[in-house]
Amino acid sequence: MNEKELINQAFEAQKKSIAKYSGFKVGAALETEDGKIYHGANIENAAYSVTVCAERTAMFTALLNGERKFKRIAIVSDSSNITAPCGACRQVLNEFCEEDFEVIMANKNGDFIVKTLGELLPFGFKGEDLE
Ligand code: THU
């Protein structure tokens, strides 16, 4: 699957978004090392702070399906700006992905940039730091 196809998967995932408060629908498509795709979409709550982002619903779905090795993720929204993962999602990705994990950030037209997780979260805190 090329980057455009993964972005299209993220647009499919975006249709599942439950964003009744912000109206900002985000979709994510997470690819495992062996090429499986997991969809994620943001799920909002009247208690705003317990809202969960698209990136995390994708990751948690994959984890609950037994996946542990991840290659990349595509993230989309209806914005003309590219959609970058929030700090909390970067930390969750950092728990389960390597530094070379690719984050494909697209805008509503499918224009995108790619950064590694190491670029997005340098010096991230990991389990091995708990000594
Ligand atoms: N959101 C995501 O799902 N992922 C991001 O990368 C940025 C923000 C969601 C959270 C909330 O439901 C809405 O977008 C507005 O912040």
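Up top is the structure these notes are about.
Small disclaimer: the values here were computed from a predicted structure and weren't measured.

Reading the values: the criteria
Residues numbered from 1 in each chain as written. Predicted model: local features only at pLDDT ≥ 70, side-chain atom pairs only at ≥ 80, totals over all residues. Heavy atoms only, no water. Helix = DSSP H or I, 4+ residues; strand = E, 2+ residues; numbered from the N terminus. Pairing = 2+ DSSP bridges. Axes fitted to C-alpha atoms, helices over the stretch in contact; angles between N-to-C directions. Core = buried A, V, L, I, M, F, W, Y, C linked by side-chain atoms within 4.5 Å. Buried < 20%, exposed > 50% of the residue type's maximum accessible area, 1.4 Å probe, protein only. Contact = heavy atoms within 4.5 Å. Near = heavy atom within 4 Å. Polar contact = N/O pair within 3.5 Å; in protein donor to acceptor, adjacent residues only side chain to side chain. Areas by Shrake-Rupley, 256 points an atom, 1.4 Å probe, with all protein chains shown as cover. Nonpolar A, V, L, I, M, F, W, Y, C, P; charged D, E, K, R; others polar. Expected span 1.5 Å × (residues − 1).

**Here we look at unusual backbone geometry**
Here is step 1: Of note in the backbone geometry, Phe 123 takes a positive phi value of approximately 55° without being a glycine.
Here is step 2: Examined against the element boundaries, Phe 123 turns out to sit in the segment after helix H4 (117-120).

**Some words on the sheet that holds strand S5 (residues 112-116)**
Here is step 1: Read across the sheet, 5 strands follow the order S2-S1-S3-S4-S5 without closing on themselves; strand pairing throughout is mixed. Looking at strand neighbours, the two that pair on one side only are strand S2 (37-41) and S5, the edges of this open sheet. Averaged over all adjacent pairs, the angle separating strand axes in this sheet is 20°, with direction ignored.
Here is step 2: In this sheet, strand S3 (residues 70-76) lies alongside strand S1 (residues 27-32) in antiparallel orientation, the contact comprising 6 bridges.

**Section: the nonpolar core**
Here is step 1: Within the largest apolar cluster, 20 residues are counted, with the highest numbers of intra-cluster contacts made by Leu 30, Met 59, Phe 70, Ile 73, Cys 97, Phe 101 and Val 103.
Here is step 2: At the level of secondary structure, the elements contributing two or more residues to this core comprise S1, helix H2 (54-64), S3, helix H3 (87-96), strand S4 (102-106) and H4.
Here is step 3: Top element by residues in this core is H2. It accounts for 5 residues.
Here is step 4: Ignoring any residue separated from it by four or fewer positions in sequence, one finds Ile 73 in contact with Leu 6, Ala 28, Ala 29, Leu 30, Glu 55, Phe 101, Glu 102, Val 103 and Ile 104.

**Notes on the site of the ligand**
Here is step 1: Close to the ligand lie 13 residues; Asn 42, Glu 44, Ala 54, Glu 55 and Ala 84 are nearest.
Here is step 2: One of the side-chain N or O atoms of Glu 44 is found 2.5 Å from an oxygen atom in the ligand.
Here is step 3: Between Ala 54 and the ligand, the recorded distance is 2.9 Å, taken from a backbone N or O atom to an oxygen atom.
Here is step 4: When the ligand is considered free in solution it has 370 Å² of accessible area, and contact with the protein chains removes 77% of it.
Here is step 5: Residues of the shell around the ligand, tallied by class, amount to 7 nonpolar, 4 polar and 2 charged.

**Some thoughts on helix H1 (residues 3-14)**
Here is step 1: Helix length check: H1, at 12 residues, gives a terminal C-alpha distance of 16 Å against a target of 16 Å (1.5 Å per residue), a fit within 8%.
Here is step 2: Looking at the buried side of H1, the elements it contacts are S1, S2, S3, S4 and S5.

**What to know about the environment of Ile 75**
Here is step 1: Assignment of secondary structure puts Ile 75 in strand S3.
Here is step 2: Overall, the relative accessible area of 0% leaves Ile 75 in the buried class.
Here is step 3: Residues Ile 75 and Phe 125, 50 residues apart in the sequence, show an inter-C-alpha distance of 23 Å.
Here is step 4: In this structure Ile 75 touches Val 26, Gly 27, Glu 55, Thr 83, Pro 85, Val 103, Ile 104, Met 105 and Ala 106, once residues within four positions along its chain are discounted.

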